[in-house]
Amino acid sequence: MAATADLHAAAARSERWRRALRRHITPWVTAAATAAATVSAVAWAASATPNTGGPGATSSPAQSAWARSQARLLKLQQGIDSDERQIAKAAGASLAPLPAGPAVHATTGASGVVVP
Amino acid sequence: MSSPDGGLAEEVSRESRAMASTVTVRALAGGDRAAVERAVVRALAVFDEVEASCTRFVPTSPLMRANAEPDRWHEVPFRCYCALEEAHRAYLLTKGRFDPRILADLSRMGYDRSLAFGTGAVATGAASPCPRQPLPPWKPRFEPARQAVLLGGHGVDLGGIGKGLAVRWASQRLRGAAADHLVEAGGDCYCAGRSPEGGAWRVGVEDPFGGSSPVAVLELTDRACATSSIRLRHWEAAGRPVHHLVDPRTGLPGGAGLRAVTVVGDDPAVAEVWSKTLFLEGLQAVGGFADRRGLAALWISDDGALGVSAAMSGYLSWRVA
């Protein structure tokens, strides 16, 4: 019984840790994504022909600028994703393995009440 | 029960939607799996039967026809008749603390139709709720021979007790085919026999603040449990926060200081009645009320503190620190 209680306490600690980590990561990812989008938009605005750039544009230089800016944005996003995975991996490695929480067969509460 | 080789027992599990809830039936198939499957289907059908006859959201339902003219006799379907009788028994058992004549109070606060709970803030155009005069004693009349009722003056809401009764009746339909089963519907459940792992059924008590982990785990064998919680069914009436657990003494939402109360007992309908009654007692009185009546109860206050009655400790296998 004591071992079970320890296990559940560890699970609760681990869950709190994960929540804190998510709180830490989310603003960082948001800020980075905003920066990436800004860089991309500025690059596109600088190279595109007014009123003809963007998706569906017919002028070739504008299309190229759009494609380049999109490629840069994609690369930045991939970098962010990669960094996020690295952080998550590092965090996972430094945490004790998450024990199974209090596994239950059913739940009592207001759960399950869904209004169509 | 565990299989002879120590593995998990074969299980038949079905889920459906009824009574604004997800209904789950799990039954362990010892021998005749086909018979268990048939019993599970019949058990689920109980919820549709109860909903059809006892819903208050369909004006033509048997209950609402009786509610429309509460001072006349009405012949009603078997399930509705039984539910009304049980509601009156619960009224007597709790000395009027449980009283289904709160239909008009709910309607006054705008809960006269299905509201989109769980999808964000809900507001109704209802007037600001205010206390009303206490109701006179409830004295409905019943004629079992023709399944007729005379409600006596006021319409009734069978929402909570109806679900508990549906769980009871569904379990009764399962017993012949599967001694080990679990019926769960919107917070009310009955745990018969053993779980697939061979031990007691483990029931998590939901965090009424919306957290994903339970705040406690109960171990139940041949026991029911029910929870009255305001996590989901709350809304605004004239800018004032209200919820669906109405105190029949005032006609206003009750349960000061409480978020949820869970009760364990022999029967799901009775557990449902006591969970609501205890909730309405409010934080100051809930513990003493439960202990004086030997009720196995667990409650969570507005500030997140968890309390348990003496009788609940035997069912509690885990709780948050």
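Everything quoted here is computed from the prediction, not taken from an experiment.

**Student:** It is not clear to me how the overall build of chain B should be interpreted in this structure. Could you clarify?
**Tutor:** The secondary structure content of chain B amounts to 7 helices and 19 strands. Along the longest, intermediate and shortest principal axes, the C-alpha atoms of chain B span 65 × 50 × 40 Å. Here chain B, with 321 residues, has 56% of them falling under the buried criterion. For chain B, restricting intrachain contacts to residue pairs at least 6 apart in sequence, the fraction spanning at least 24 positions comes to 65%. In the structure as shown, chain B presents an accessible area of about 13,200 Å², 51% of it carried by carbon and sulfur atoms. On chain B, the mean spot of the 36 positive side-chain charges and the mean spot of the 36 negative ones are 5 Å from each other.

**Student:** Mind showing me how you'd approach the environment of proline 134 of chain B here?
**Tutor:** Relative to the helices and strands, proline 134 of chain B resides in the loop between β4 (123-124) and β5 (141-143). The spacing of proline 134 of chain B and proline 77 of chain B is 57 residues in sequence and 30 Å in space, taken between C-alpha atoms.

**Student:** Would you mind showing me how to read the nonpolar core here?
**Tutor:** Across soluble globular proteins, nonpolar side chains show a tendency to be buried alongside one another. Residues and elements named next belong to chain B. If you look at the biggest cluster of nonpolar residues, it comprises 48 residues, and the most contacted ones within it are Phe47, Leu84, Leu158, Ile161 and Leu174. At 9 residues, helix α1 (residues 33-54) tops the list of elements feeding residues into this core. Non-local contacts of isoleucine 161, meaning those with residues more than four positions away in its chain, are made with Glu86, Ala87, Ala90, Phe98, Ala269, Glu272 and Val273. Within the second largest apolar cluster, 20 residues are counted, among which are Val203, Val215, Val264 and Leu298.

**Student:** Help me understand the side chain of lysine 163 of chain B in this model?
**Tutor:** Residues and elements named next belong to chain B. Within the secondary structure, lysine 163 sits in helix α5 (residues 159-175). For the buried lysine 163, no salt bridge exists, and the shortest N-O distance to an oppositely charged side chain is 6.0 Å, to aspartate 188. Discounting residues that sit within four places of it in the chain, lysine 163 has contacts with Met19, Ser21, Phe47, Leu158, Ala185, Gly186, Asp188 and Arg233.

**Student:** So what exactly am I meant to see when it comes to the packing of helix α6 (residues 268-281) of chain B against helix α7 (residues 283-292) of chain B here?
**Tutor:** For any two helices packed against each other, one specifies the crossing angle of their axes together with the interaxial distance. Residue and element names in this part refer to chain B. The N-to-C vectors of α6 and α7 enclose an angle of 135°; their axes lie 6 Å apart at closest approach. Judged by the angle between their axes, α6 and α7 are oblique. Packed against α6, whose contacting residues are Trp274, Thr277, Leu278 and Glu281, the element α7 presents Leu283, Ala285, Val286, Phe289 and Ala290 at the interface. Of the residues contributing to the contact of α6 with α7, the split by class is 7 nonpolar, 1 polar and 1 charged.

Definitions and cut-offs
- Along each chain, numbering runs from 1 in the same order as the chain's sequence is written.
- Here every chain gets a letter starting at A, and every ligand a number starting at 1, in the order they are written.
- Since the coordinates come from a predicted model, pLDDT governs what is reported: local features require at least 70, and pairs of side-chain atoms require 80 or more to be given and counted, while whole-chain, interface and lining totals use all residues.
- Only hydrogens and water are removed before side-chain values are computed, so all heavy atoms of the structure are retained for them.
- Each helix corresponds to a stretch of at least 4 residues labelled H or I by DSSP, and each strand to a stretch of at least 2 residues labelled E; elements are numbered beginning at the N terminus.
- Partly exposed residues are those whose accessible area sits between 20% and 50% of the maximum for their type, while under 20% is buried and over 50% is exposed, using a 1.4 Å probe and protein chains only.
- Contact definition: two residues touch when any of their heavy atoms are within 4.5 Å.
- Computed by Shrake-Rupley with a 1.4 Å probe, the accessible areas treat only the displayed protein chains as cover when residues are assessed.
- Asp and Glu count as negative and Lys and Arg as positive, but His and the ends of the chain are not part of the count.
- Note that the charge is assigned to NZ on lysines, CZ on arginines, CG on aspartates and CD on glutamates.
- Note on terminology: a nonpolar core comprises buried Ala, Val, Leu, Ile, Met, Phe, Trp, Tyr and Cys residues joined through side-chain atoms within 4.5 Å.
- Whenever a carboxyl oxygen of Asp or Glu lies within 4 Å of a side-chain nitrogen of Lys or Arg, that contact is scored as a salt bridge.
- Axis definition: a line fitted to C-alpha atoms, limited for helices to the stretch in contact. Angles are taken between N-to-C directions and run from 0 to 180 degrees.
- Note on angle classes: values under 35 degrees are labelled roughly parallel, values over 145 roughly antiparallel, values of 65 to 115 roughly perpendicular, and the remainder oblique.
- Think of it as three bins: nonpolar holds Ala, Val, Leu, Ile, Met, Phe, Trp, Tyr, Cys and Pro, charged holds Asp, Glu, Lys and Arg, and polar takes everything else, Gly as well.

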